[in-house]
Amino acid sequence: MILYALSLIGVAVFAASGALAAGRKSFDWIGVLVIAVMTAIGGGTLRDLLLDRHAIFWIADTTYLWVVVGAAVATILYGRRQSPPDRALLVADALGLAFFTISGAQIAEQHGHSGSIVIVMGTLTGVAGGVLRDVLCNEVPLLFGPGETLYATAAIAGATTYLVLQTLGTPQTPAALAGMVVVGGLRLAAIFWRLQLPSARVQGDEPR
Amino acid sequence: MILYALSLIGVAVFAASGALAAGRKSFDWIGVLVIAVMTAIGGGTLRDLLLDRHAIFWIADTTYLWVVVGAAVATILYGRRQSPPDRALLVADALGLAFFTISGAQIAEQHGHSGSIVIVMGTLTGVAGGVLRDVLCNEVPLLFGPGETLYATAAIAGATTYLVLQTLGTPQTPAALAGMVVVGGLRLAAIFWRLQLPSARVQGDEPR
Amino acid sequence: MILYALSLIGVAVFAASGALAAGRKSFDWIGVLVIAVMTAIGGGTLRDLLLDRHAIFWIADTTYLWVVVGAAVATILYGRRQSPPDRALLVADALGLAFFTISGAQIAEQHGHSGSIVIVMGTLTGVAGGVLRDVLCNEVPLLFGPGETLYATAAIAGATTYLVLQTLGTPQTPAALAGMVVVGGLRLAAIFWRLQLPSARVQGDEPR
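Residues numbered from 1 in each chain as written. Chains lettered and ligands numbered in written order. Predicted model: local features only at pLDDT ≥ 70, side-chain atom pairs only at ≥ 80, totals over all residues. Heavy atoms only, no water.

### A short note on the pattern of salt bridges
Then, in step 1: Evaluation of the coordinates by the stated rule reveals nine salt bridges over all chains.
Then, in step 2: We note a salt bridge from Arg53 of chain C to Asp48 of chain C, for which the minimum N-O separation is 2.7 Å.
Then, in step 3: The class for Arg53 of chain C is partly exposed, based on a relative accessible area of 25%.
Then, in step 4: Given the relative accessible area of 0%, Asp48 of chain C is considered buried.
Then, in step 5: In this structure, a network of salt bridges that share partners links the residues Arg47, Asp48 and Arg53 of chain A. (Salt bridge = Lys/Arg side-chain N within 4 Å of Asp/Glu carboxyl O. Buried < 20%, exposed > 50% of the residue type's maximum accessible area, 1.4 Å probe, protein only.)

### Points about the packing of aromatic side chains
Then, in step 1: The full count for this structure, using the stated rule, is nine aromatic pairs over all chains.
Then, in step 2: When the centroid spacing of 5.1 Å and the interplanar angle of 45° are considered together, the rings of Phe14 of chain A and Phe100 of chain A count as tilted. Taken as a pair, Phe14 of chain A in helix α1 (residues 2–23) and Phe100 of chain A in helix α5 (residues 88–110) lie far apart in primary sequence, 86 residues in all. The same class applies to Phe14 of chain A and to Phe100 of chain A, which are both buried.
Then, in step 3: A ring pair is formed by Tyr4 of chain B and Tyr64 of chain B, whose centres lie 6.0 Å apart and whose planes are at 80°; its orientation type is edge-to-face. With Tyr4 of chain B in helix α1 (residues 2–23) and Tyr64 of chain B in helix α4 (residues 63–81), this pair connects stretches of sequence that are 60 residues apart. (Phe/Tyr/Trp six-rings, centres within 6.5 Å; stacked < 30°, edge-to-face > 60°. Helix = DSSP H or I, 4+ residues; strand = E, 2+ residues; numbered from the N terminus.)

### Comments concerning the environment of Leu51 of chain A
Then, in step 1: The topology assignment puts Leu51 of chain A in the loop between α2 (29–50) and α3 (57–60).
Then, in step 2: For Leu51 of chain A and Gly104 of chain A, which are 53 residues apart along the polypeptide, the C-alpha to C-alpha distance reads 10.0 Å.
Then, in step 3: The residues touching Leu51 of chain A, leaving out its near neighbours within four places in the chain, are Ile107, Ala108, His111, His113 and Met121 of chain A together with Ile59 of chain C. (Contact = heavy atoms within 4.5 Å.)

### Here's the deal with the environment of Met38 of chain A
Then, in step 1: For Met38 of chain A, the location among the structural elements is in helix α2.
Then, in step 2: Taking C-alpha positions, Met38 of chain A is 9.3 Å from Phe14 of chain A, a pair spaced 24 residues apart along the chain.
Then, in step 3: Residue contacts for Met38 of chain A: discarding those within four places in its chain leaves Leu132 and Leu136 of chain A together with Leu124 and Val127 of chain B.

### Concerning the nonpolar core
Then, in step 1: One finds Trp58 and Met121 of chain A, Trp58 of chain B together with Trp58 and Met121 of chain C to be the most contacted residues of the largest nonpolar core, which totals 201 residues.
Then, in step 2: Sequence-distant contacts of Trp58 of chain A, defined by excluding residues within four places in its chain, comprise Ile41, Thr45, Tyr64 and Leu65 of chain A together with Leu50, Ile117, Val120, Met121 and Leu124 of chain B. (Core = buried A, V, L, I, M, F, W, Y, C linked by side-chain atoms within 4.5 Å.)

### Some points on the packing of α1 of chain B against α4 of chain B
Residues and elements named next belong to chain B.
Then, in step 1: Running from N to C, α1 and α4 point in directions that differ by 40°, and their axes come no closer than 8 Å. Taken together, the axis directions place α1 and α4 in an arrangement best described as oblique. Here α1 runs over α4; the crossing is right-handed. For the pair formed by α1 and α4, the contact residues are Tyr4, Ser7, Leu8, Val11, Ala12, Ala15, Ala16, Ala19 and Leu20 on the first element and Thr63, Tyr64, Val67, Val68, Ala71, Ala72, Thr75 and Ile76 on the second.
Then, in step 2: Per-class residue counts for the contact of α1 with α4 are 14 nonpolar, three polar and no charged. (Axes fitted to C-alpha atoms, helices over the stretch in contact; angles between N-to-C directions. Parallel < 35°, antiparallel > 145°, perpendicular 65-115°, else oblique. Left-handed = near helix turned anticlockwise from the far one by under 90°. Nonpolar A, V, L, I, M, F, W, Y, C, P; charged D, E, K, R; others polar.)

### Some details on the side chain of Arg47 of chain A
Then, in step 1: Inspection of the secondary structure assignment puts Arg47 of chain A in helix α2.
Then, in step 2: Every residue in contact with Arg47 of chain A, bar those within four places of it in the chain, is listed here: Arg53, Phe57, Ser103, Gly104, Ile107, Met121 and Thr125 of chain A.

### A closer look at helix α7 (residues 151–167) of chain A
Then, in step 1: For α7 of chain A, with 17 residues, the first-to-last C-alpha span of 25 Å sits near the 24 Å given by 1.5 Å per residue.
Then, in step 2: Restricting attention to buried positions, one finds in α7 of chain A the residues Tyr151, Ala152, Thr153, Ala154, Ala155, Gly158, Ala159, Tyr162 and Leu163 of chain A.
Then, in step 3: As for α7 of chain A, its buried residues are in contact with α5, α6 (115–136) and α8 (172–193) of chain A together with α2 (29–50) of chain C.
Then, in step 4: Positive backbone phi, at 100°, marks Gly169 of chain A, one or two positions downstream of α7 of chain A. (Expected span 1.5 Å × (residues − 1).)

Here it is as structure tokens:
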């Protein structure tokens, strides 16, 4: 029940991040709405396709679509009247990343998959919506942009926390909440204090 | 029967739009063919994956592939000898959008989905092939490019028309044809007269 | 058995190509790892989704994931200490293309599909991982970049060779090896000697 509420919040914040990203370009209302929808449902759709879960979550329960549309419209209305708070896009994205990562991990777990699959599926689910948003807006994906830090790292750390806590006997719901806090906290900390993992730069190859 | 013929025309025009887009770059024959195939089958493939319809339409009936290859080759041969008519790409794209939107909506309907899913599925199906074409050609998707107008809007309006007409008692085939006319007409009108929805511009956020 | 070993080598070389491409940008360790994973499993995942093969290969057998992670880490460690050999990325990509094309063709064949589907599926499987890598790194896909030659052509030629040899009575394993040699050989020959198919340039259309 709590997790259902959280998953609705997850699609809402990702919808807001999609609307903010698209709204910074000169798209029309419907274009912004479409990008918001794709951002919000992209990760969960990929998760459901990979795990062969049908009907896809937003086909099975159209509440998600209405929440997405509502969140996108609210974001646009707010954004037209006043400038969104600094880093609003990054924060919305961090929250969406947290919710989707843990929901992807949870559902992989419910399907009886092993720990490594749970972590990979959580990471892919968390990361996919934002990557889709950035590809559709033709920007370097936030995930990979130089200087952007601890994005996939935060997802992996959170999914791992979720798994380890359960192994240690924590019930699922608090473990999920802890995992989300790890993802969102790590990502936000990285944004505000510019935390970085060591770069993995490979020696220069000639350009193609 | 008419709808099967229309779906073949749909893949043919999207194949032509893919071949035109790829042919404007210095790709070789086979590269242009591959982009034409992906453009033409992308939207329907996404539709079938999301609705768990297997075999995917072009796997179940390879006629589609031969039509795509034929249309792409014809486009290239024509395009090498004389310049394609102005806006040929935009017109081919508008027709493909019309056919795929309505076919996506129809198939979602056949699977017993509700109105909101029918509209979303029609829009995704219509939009996906062209977005894939533009991403593969590394251009800003036509859907979202600044100044490009009423793209997803046309798809949504057409799918809605199709639904509403059926609710009012119109048989499926004329409702489908009317829906396609709405999509194609709205999109072409927008191109030639530069119709635009109000922009949904969000106040400037700092660049990332 | 040999083919299982080859498929592990296939994901390893594509992982290396993903790590090399990502490592040339200033991504952190985990970011490079994620791109390597997506590159390595992208083509086979698309194949399994399109053919409705569940569980997806890397979910069914997590050995693939460990091989991918190992190959990516080894590539980064090697690349940090000394410059990778010239054209290392292109060669790794050519080998990955060869393995994935033939494995895609084989699996389509096992599912009883016709020759045209086997060739299309082989080509899509071979091409998808590298396209995903390039889109995620926000580069023009290697497949389509001007001057890049015989990419999809090599995949199509190899899949066709594989099919024709079997029709002529060659057992599956040698036919598969011959197909891989054709893909890899043609692609490498094209890279080193700049072989090219005739361009399919379409007369200029006005820019959008």
